[in-house]
Each structure stands twice: as structure tokens, then as C-alpha cells.
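Now for the letters of each chain:
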Amino acid sequence: MTDAPMSWAEQPSTARFRKGVSDAAPALGLSAAVIVFWELVIRLFGVPSFVLPAPTAVVASLAANWRALAVAAEATAIEVLFGFVLSGIVGIAVAIVIVRFERFGRAVYPLIVLFQNVPKVALAPIFILWFGYDLAPKILLIVVIAFFPVAIDMLAGLQSVDPSFVSLMRSVGASRGKIMLRVRIPHSLPHLMAGLKVAITFSVIGAIVGEFAGANQGLGYVIQFASTQLDTPLIFAALIVVSVLGLAFYYVVEFAERWLVPWAPKFDPVQAAG
Amino acid sequence: MNARVMNVKVAGTAGSDSRPAAPVDPAPPHIAARGVAVDFRIEERRQRVLNDINLIVPKGSFVSLIGPSGCGKSTLLKVMAGLIAPSEGDMRVAGLSPQEAVKARLIGLVFQEATLLPWKNALENAAFLLMTADETIKRREAFERAAAMLRLVGLDDADKKMPSQLSGGMRQRVAIARALALNPEVLLMDEPFGALDAITREEMSECLLDIWERTGKTVVLVTHSIDEAVFLSREVHVMGTGPARIIETLPISLPHPRTEDSYADPAFAAAENRLRGLLIESHRRRRP
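Residues numbered from 1 in each chain as written. Chains lettered and ligands numbered in written order. Predicted model: local features only at pLDDT ≥ 70, side-chain atom pairs only at ≥ 80, totals over all residues. Heavy atoms only, no water.

(A) How the structure looks around the interface of chain B and chain A. Contacts between chain B and chain A engage 20 residues on the former and 17 residues on the latter. Taken together, both faces of the contact between chain B and chain A bury some 1800 Å²; the carbon and sulfur share is 71%. Looking at the side of chain B facing chain A, the largest losses of area belong to B:Leu83, B:Trp119 and B:Thr132, adding up to 32% of the total buried there. Run the count over chain B and chain A and you get two salt bridges. Across the pair B:Glu135 and A:Arg182 runs a salt bridge whose closest N-O atoms are separated by 3.1 Å. When residues of the side of chain B that touches chain A are traced back to their parent elements, those giving at least two are strand E5 (107-110) and helix H4 (122-133) of chain B. Counting residues per element, the side of chain B that touches chain A draws most heavily on H4(B), which supplies five residues. Partitioning the side of chain B that touches chain A into residue classes produces 14 nonpolar, three polar and three charged. (Contact = heavy atoms within 4.5 Å. Buried area = accessible area lost by both parts, 1.4 Å probe. Salt bridge = Lys/Arg side-chain N within 4 Å of Asp/Glu carboxyl O. Helix = DSSP H or I, 4+ residues; strand = E, 2+ residues; numbered from the N terminus. Nonpolar A, V, L, I, M, F, W, Y, C, P; charged D, E, K, R; others polar.)

Spelled out as C-alpha cells, the structure:
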């Protein structure tokens, strides 16, 4: 931890890199230990590969099927991208409408919460039934899963504006629309970014679930296909690709956050006590 | 502006009798409340938070509202600012209703919290309300005016600093500059120095007095601090609770210009004692 209140962007890049490495070192070390232990257990006890493949077997499958996996990853990435962007738009719009039109908001908000409690996974077959095996049902499924955190966080952001600020704006005759545009929306950006970070991980889940329910491409399809063949190393290989894809998407959003809202408080998930 | 500043300074130092102390004030009323009452609806019950307020603030005067918590002084300020409509009676600002005064951009507001936008620097914050109030103003012109106001409140090289890099006192200076950039006739301040430490408070009081003397704005200050009220005001309205109203109006005969030395003036101690007595009295009469 640096004592100086320097923002992320102000630190020299070498220092940033060194800090990054030292931050990541414990997690990398632990991962390496787990992988070595895993490999040893498989070899020592002769676990069959279709039950649990050794890390080396997974890597071998990854190398053998990399072209098919890349094609599948592209299909999934497209679903995630469209679904995530649409979730963001829908979530933001819902929050703004609820705040801007109070009466309408009071009617709609409980319904949205109610809808959130419908298990979305169960909707996947219905969407397939309605929209077929293409992109549309996957995107729809992602939106119904991922718009909620965006809407809730954006709502919290819009409503957490200091009332003094609203008074100030009103004291110069600003309309409600202007207060929304100039104060509420920019003020809610840090909240929105937190919601989008949850939404991007939900989007990956939504895409995979959508592909499970019915697809002829994508990483979810690969996983399902491999399971029918008892090709467990391929399942794990696809899982690795899904994880890397999800991680990449997540960091794009986090990078966007640092870029868009540099004034937001830094989030440190594991804060040292005291 | 420099010439004007010098004039005021010269007039102030050459003969303090050229600016007579209250209560003799020939200026016309700038803010006038007649029988103003405010009811709030709290859980279907009407509660009177302000009762029969009669008050005149002369143009160019500096007036404080002081009283125990819950006496409705902030509510009265909000009525003046057009943020709350009176349930009864009539409020006039420069002869207009508060809503009309808002439209005519006569009112500048400062709150206890500086409420700066964290994503804008000091200069942008100081220009922000002006640009909101006047859509036609050119960006450059708004920034020039905001910069001039930042100099006026004593911030010389903080234009590019973000709010998180400013101290509490500096943030409040930006908030005052933001209000002044509107060039309002009336400055309404709700405990503007309430969140600051004692020394910064005194510094800010002197800064505010200096601004008032230079610009000749009408200032209404809501405060908890007896010192602050005496040091700054020409007139102090003491408010009491149950129901909230003005119980006494006290002219402050402390000579101008007021400086650090004014705290040692016998007139300061006299006014302070009188105010303290009134406040204790109003506190005792408060209903449990």
C-alpha cells in the first residue's frame, strides 16, 4: 500500500507493474500448489481420466482442440457482448424511468423484484421455444439475468444524491430533467459500474445456460457435446476457456470504470485489518 | 471591480461613521416576510414548523438567524430561497415572490456541506451553477467569472484541484464562489461553517465579512454560533420553538469595519451576553 493519495493512473508504470506482480504473487503461488497437488493425486491413485482428468491431460486437450474451442469462444463472446450491452441499456433505462416518473416507478418496482425471483434458468427452454436456436434467445436470457444488478445499483446511485445538491439546482430554476442529466446520472456512475461488473459475470453465465438449453455452437454447446462423449478433459478445457473469457470481459469493465469514474473510491476486496 | 473594492476600503478606513451601525438603516427592505407560516405533513398529521414570521431584511444588510435546533431557521431560509412554499402569509424577495426571484437569478445558496461535484475541479464547480442557470453563457465567460470569484474568496491557485484534494475550508470557499458567480442580490447561507474547526471558522468569517463589504450583497446567515452571529451581523433574529417563531430582533452595534480586534470590543461582549441570555430563555421555554 502506498501512503501518498496517488490515483491509479498517476503511478509510474514500472511501480504499477511491480505492485501488480506483488499483489498477484500469493494467488499465483496458491494456484500452482493446487495444480501440482491435483496432478499428484491423479497419478498416485490412478483416477480414470473420464472421472477427473489430470491438469496435463486438460492442457493436452486444450492444445488438440484449440481451433474448435476458439470458434466456440467467438460465438459465446458475441452472445455475451450483445447480451451485456443490452442488459446495461435496459437496466439504466429502468432505473431512470423509476426515479423520473415516481408513480410509474411505484407500480413497476415491485414487479421487477418479483420477476427477479423467477429462476431464470427455467426460462431458457421457453425462449428456445419462442425464438429458436439462434442468437436471440441467448441474448434475451442474458438480459433477464443481468439487467437486475444494473437497475438496482443505478437506482441506488440516482437516489443517493445529496438533497442539498438538488436544492442548489432548484435554487437556480433547474428542471427535474436537468437535475437528472447534470447531477443524478453522473453521480450514479460509480454505482452503475459496480452493477455492470456483476452484470458481466452474469452475462457469461446466461450465455452458457442459453447454450445448454439448445445451441449448435458456443462453449456451452462444446461442454454438453463433450459430456455425451465422456470427453472430460475437453469439458475442463472448455471451462478454462469460459473462465478466461469471463475474466477478460470483467477486466474490460473494470478498466472502463477506472477510465470513466476516476473519482470513485477504490475497491480493495481484502483490506488489511487495522 | 478593483476601483470599487478600493472605494469601499477607503470609505471603511477613513471614517467608520460613514457607514452607520444598525439599527438606523435607511435601505429599503430587500427580503420581507409577513405572517409566514409553514406546515409539514408528517404521517397524515399537519405540524406547524414555522409560525407567524414577520421579518424585514434591508438591502445590503447582513442578518443572522439564530436559535436552538428544530426552531425552523433552516425552513425559513428555504422559504426565502423558494424551495418551500409558505402555507400562510407572504414572502417577498426584492419585491418578487421567491419563485420569481429564483427565475430572475437573485438568490445564491450555500449549505453546511460544500456539495461539490467530485468529478469536476474547483473552477468547473464554481462555474457549474452559473452554467446551469444561464444556458446561453459562453463557457469561457462563465469560467472567467468563476475564476474571479475564486480569487475573491481567497483561492488563488486551486482552480485545477479536485474537491478530494481540497481541505474543508477550501471546499466551502469554492461553494461560496459558486454562489457568488451567479451574481445574486441575496446570499442565503445555512450554517456554512458548521462543519469546520474553530480557527478555520474564524478565518472564513473574516473572509465572508470582507466579501460582503466588497460586494454589498444582502446576506442571511443561519447559524448556531453566537460569536459568528455577533461578529458578522448588523442584526440578529433570535428564534424560539413551540411553535417556531422569532422571539427577538437584536441590532448589533459593533462598529465597522470589523476585524480580529472586534472580538475584544466591549460591544461584542455585550451583544454576546444579551444573545446568550435570549437563547437560554428560549431554550427554557421549549416544550418537552
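So much for the structure itself; the text now carries on.
(B) Summary view of the pattern of salt bridges. Tallied over the entire structure, the rule returns 21 salt bridges over all chains. Salt-bridge contacts for A:Lys197 lead to A:Glu254; the nearest nitrogen and oxygen are separated by 3.5 Å. One end of the pair, A:Lys197, is in helix H8 (residues 176-213); the other, A:Glu254, is in helix H10 (residues 232-260), and 57 residues separate them in sequence. Taking the relative accessible area as the measure of exposure, A:Glu254 reaches 16% and is therefore buried. Across the pair B:Glu228 and B:Arg201 runs a salt bridge, and its minimum N-O distance is 3.0 Å. Taken together, the residues span a long stretch of sequence, with B:Glu228 in helix H8 (residues 226-232) and B:Arg201 in helix H7 (residues 198-215) at a distance of 27 residues. Through salt bridges that share partners, A:Lys197, A:Glu254, A:Glu257 and A:Arg258 make up one connected network. (Buried < 20%, exposed > 50% of the residue type's maximum accessible area, 1.4 Å probe, protein only.)

(C) Structural view of helix H9 (residues 219-228) of chain A. Residues and elements named next belong to chain A. Here H9 has its buried residues at Leu-219, Gly-220, Val-222, Ile-223 and Ala-226. Viewed along the axis of H9, the buried residues span an arc of 160°, placing them on a single side of the element. Check the buried side of H9 and you find it contacts helix H3 (66-100), H8 and H10. Residue Leu-230 follows H9 closely and has a positive phi angle near 55°. (Arc of directions from axis to C-beta.)

(D) Examining the domain arrangement of chain A more closely. Residue and element names in this part refer to chain A. Once the domains are mapped, chain A shows domain 1 (24-53) and domain 2 (57-265). Distance between the C-alpha centres of domain 1 and domain 2: 32 Å. Between domain 1 and domain 2, roughly 450 Å² of surface is buried when both sides are summed, and carbon and sulfur atoms account for 76% of that area. At the surface where domain 1 touches domain 2, the tally comes to zero salt bridges. For the pair domain 1 and domain 2, the number of links is one residue pair in polar contact (both at pLDDT 80 or more). Partitioning the side of domain 1 that touches domain 2 into residue classes produces five nonpolar, one polar and no charged. (Domains from an automatic or database assignment. Polar contact = N/O pair within 3.5 Å; in protein donor to acceptor, adjacent residues only side chain to side chain.)

(E) How the structure looks around the sheet that holds strand E1 (residues 29-42) of chain B. Residues and elements named next belong to chain B. On the basis of which strands lie adjacent, the open sheet formed by three strands has the order E2-E1-E4 and antiparallel pairing. In this open sheet, the two strands that pair with only one neighbour each are strand E2 (45-58) and strand E4 (88-93). With direction set aside, neighbouring strand axes in the sheet form an average angle of 25°. In the sheet, E1 pairs with E4 via five bridges, with the strands oriented antiparallel. Bridging from a neighbouring strand, Ala-33 pairs with Met-91 of E4. (Pairing = 2+ DSSP bridges. Axes fitted to C-alpha atoms, helices over the stretch in contact; angles between N-to-C directions.)

(F) The arrangement of the environment of B:Pro98 in detail. All names here are of chain B. Tracing the sequence through the fold places Pro-98 in helix H3 (residues 98-103). Owing to a relative accessible area of 6%, Pro-98 belongs among the buried residues under this scheme. Beyond its immediate stretch of four places on either side in the chain, Pro-98 contacts Val-79, Met-80, Ala-81, Gly-82, Met-91 and Ile-107.

(G) Spatial organisation of a negative patch on the surface. Residue and element names in this part refer to chain B. On the surface, a cluster of negative charge is contributed by Glu-202, Asp-227, Glu-260 and Asp-261. Within the secondary structure, Glu-202 is located in helix H7. Glu-202 sits in the partly exposed class, given a relative accessible area of 36%. (Patch = residues over 30% accessible without salt bridge, like charges linked within 9 Å, V, L, I, M, F, W, Y side chains within 5 Å. Areas by Shrake-Rupley, 256 points an atom, 1.4 Å probe, with all protein chains shown as cover. Lys, Arg positive; Asp, Glu negative; His and termini not counted. Charge placed at Lys NZ, Arg CZ, Asp CG, Glu CD.)

(H) The arrangement of the nonpolar core in detail. Ranked by internal contacts, the top residues of the largest apolar core, which has 104 residues, are B:Ile53, B:Leu55, B:Leu76, B:Met80, B:Ile176, B:Leu188 and B:Leu275. When near neighbours in sequence (up to four residues on either side) are disregarded, B:Ile53 contacts B:Ala33, B:Arg34, B:Gly35, B:Val36, B:Leu76, B:Met239, B:Ala244, B:Arg245 and B:Ile246. Ranked by size, the runner-up nonpolar core spans 47 residues in total, among them A:Val108, A:Met154, A:Ile235 and A:Val253. (Core = buried A, V, L, I, M, F, W, Y, C linked by side-chain atoms within 4.5 Å.)

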